[in-house]
Amino acid sequence: MPDPYELPGLHIPKLLGRSAVLAGLVRDLAERETPDHISVVAPRYFGKSVLIQALAQRFTAPGSHYRVVINWDLRHNTPETDRAFQIALAKALDRCLLEIGNDSYHDYLQDTEGDPAGTISDVVDSLAAEEMRILILLDDFDRLASQPQISKNLWDYLRSLAQKNHLRFVLSSRRRLRECIPSRDGRTSDFWNNFTNVVTLRPFSSSDLDEFLAPIREAGFSVDPSSKQAILDWTGGIPVLAARLCGDIFACPPARIDRPLVESRVE
């Protein structure tokens, strides 16, 4: 059986231990009469990217509330200017449309010489007329926000997109959104006012750990209640540390997991 406790690296691990948070996000994005724009905030290694990926998978499934889902990891090839961001967003929108068999806007969205901001707005409005909802996930938003040449104009442009009823944003960051913006002018944009729904990821609780340990139980291990508290004590409930410890335990032959066994893996 493959190790379910993959550490961050080339691939984003599978979501474990955050099902209640994921369900809340799905509810707020798809089950409310007026869905929210959402900000996900947590320190590094608390599972923001894992959660964003799980959300993208949930909404790209057949029958989803959203027809177009842009999942953009801003850690890689981060745009350095307003225009570079708009061109990249146009191309990301084009890729998502091509994946669902819609090439009607391909030539417009691939045009890097014209007005990408206007093109995106026009295409988004056309998709609205076709009753196609759009979800834009911007993971590690801090990387974009910290670029010195990104201006208030971009944030105001994104606000114009956020005002469209059929389009929603989810942004993940290490700090609250306004705190990510280095310029005082950028912090005055009304874009940030859309994100009244702030989801803060905290260390795993005991109930989170029950779910996190499910693969170990399924592999034939017997889990003593004392082991849960030991894992929390040694990792502080930080997901990446819990994954490292549980991965070490998972590599053992199926056995009874108790506090002494947990402590033997961390000494």
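Take the side chain of Asp140 next. The topology assignment puts Asp140 in the loop between strand S3 (134–139) and helix H6 (141–145). Apart from the residues lying within four places of it in its own chain, the contact partners of Asp140 are Asp73, Leu74, Arg75 and Ser172.

Here we take up the packing of helix H13 (residues 239–250) against helix H14 (residues 259–266). Remark: H13 packs on H14, axes separated minimally by 10 Å, with the N-to-C direction vectors making an angle of 110°. When the interaxial angle is binned, H13 and H14 end up roughly perpendicular. On H14, the residues that touch Leu245, Asp248 and Ile249 of H13 are Leu261, Val262, Arg265 and Val266. Of the residues belonging to the contact of H13 with H14, the class tally is five nonpolar, no polar and two charged.

Backbone geometry at Asn77 places phi at a positive 50°, although glycine is not the residue there. Mapped onto the fold, Asn77 is located in the loop between strand S2 (68–73) and helix H3 (82–99). Positive phi, normally seen in glycine, also occurs at Asp140, with a value near 60°.

Adjacent strands of a sheet pair through backbone hydrogen bonds, lying either parallel or antiparallel. Sheet architecture is open: five strands sit in the order S2-S3-S4-S1-S5, paired in parallel fashion. Strand pairing shows two members of the sheet lacking a second neighbour, S2 and strand S5 (197–200), which therefore form its edges. When strand polarity is set aside, the average angle formed by the axes of neighbouring strands in this sheet is 15°. Seen against the sheet, helix H2 (residues 48–59) touches strand S1 (38–41), S2, S3 and strand S4 (167–173) and runs at an angle of roughly 165° to S3. H3 rests against S2 and S3 of the sheet, and its axis sits at about 135° to S2.

What follows is about the pairing of S1. On S1, burial covers both faces: Ile38 and Val40 on one face and Ser39 and Val41 on the other are all buried. In this structure, S1 lies alongside S4, joined through four bridges in parallel fashion. Bridge pairing links Ser39 to Leu171 in S4. Bridge analysis of S1 against S5 gives four bridges, and the strand direction is parallel. Its bridge partner lying in S5, Val41 is registered against Thr200.

This part is about helix H1 (residues 19–31). Restricting attention to buried positions, one finds in H1 the residues Leu22, Gly24, Leu25, Val26, Asp28, Leu29 and Ala30. Those residues of H1 that are buried lie in contact with S1, H2, S3, S4 and S5.

Bringing the nonpolar core into the picture now. Residues Phe141, Trp155 and Phe169 are the most contacted members of the largest nonpolar core, which totals 41 residues. At the level of elements, S2, H3, helix H5 (116–129), S3, H6, helix H7 (152–162), S4 and helix H8 (177–180) are the ones that each hand at least two residues to this core. The dominant element in this core, judged by the number of residues it contributes, is H3, at seven residues. Among residues more than four places away in sequence, those in contact with Trp155 are Phe141, Leu144, Ala145, Ile150, Ile181, Gly186, Ser189, Phe191 and Trp192.

Moving on: the environment of Val26. Structurally, Val26 can be placed in helix H1. Classification of Val26 as buried rests on a relative accessible area of 8%. Val26 sits 33 residues away from Phe59 along the chain, and the two C-alpha atoms are 8.5 Å apart. If we ignore the near neighbours within four places in the chain, the residues touching Val26 are Glu31, Leu55, Arg58 and Phe59.

A pair can form between side chains of opposite charge whenever their charged atoms are brought close. Taken as a whole, this structure holds 14 salt bridges when the rule is applied. Between Asp36 and Arg32 there is a salt bridge, with its nearest N and O atoms 2.8 Å apart. The class for Arg32 is partly exposed, based on a relative accessible area of 41%. Here Arg75 makes a salt bridge to Asp140, at a shortest N to O gap of 3.9 Å. Here the residue Arg75 occupies a position in the loop between S2 and H3, and Asp140 occupies one in the loop between S3 and H6, the gap between them amounting to 65 residues. Taking relative accessible area as the criterion, Asp140 reaches 7% and is therefore assigned buried. Put simply, Arg27, Asp28, Arg32 and Asp36 are held in one network by salt bridges that share partners.

Rules used in this analysis
- Per chain, the residues get numbers from 1 upward, laid out in the order the sequence is written.
- A pLDDT threshold of at least 70 governs which residues receive local features in this predicted model, and a stricter bar of 80 or more applies before side-chain atom pairs are shown or counted, although totals over entire chains, interfaces and linings include all residues.
- Water and hydrogen atoms were dropped before computing side-chain values, which therefore reflect all heavy atoms in the structure.
- Helix and strand labels come from DSSP, where a helix needs a run of H or I of at least four residues and a strand needs a run of E of at least two; each type is numbered from the N terminus.
- Residue contacts follow a heavy-atom distance rule, with two residues in contact if any of their heavy atoms lie within 4.5 Å.
- Interaxial angles span 0 to 180 degrees and are taken between N-to-C directions of axes, which are lines fitted to C-alpha atoms, for helices over the stretch in contact.
- In these notes the angle categories are as follows: under 35 degrees is roughly parallel, over 145 is roughly antiparallel, 65 to 115 is roughly perpendicular, and the rest is oblique.
- Three classes are used: nonpolar for Ala, Val, Leu, Ile, Met, Phe, Trp, Tyr, Cys and Pro, charged for Asp, Glu, Lys and Arg, and polar for all others, with Gly counted as polar.
- The pairing criterion for strands is at least two bridges between them, as found by DSSP.
- Under the scheme applied here, a residue whose accessible area is under 20% of the maximum for its type counts as buried, over 50% as exposed, and between as partly exposed, the area being computed with a 1.4 Å probe on protein chains only.
- The definition of a nonpolar core used throughout is a set of buried Ala, Val, Leu, Ile, Met, Phe, Trp, Tyr and Cys residues joined through side-chain atoms within 4.5 Å.
- Salt bridges are defined by distance alone: a side-chain nitrogen of Lys or Arg within 4 Å of a carboxyl oxygen of Asp or Glu.

Distances and angles like these do not, on their own, reveal function.
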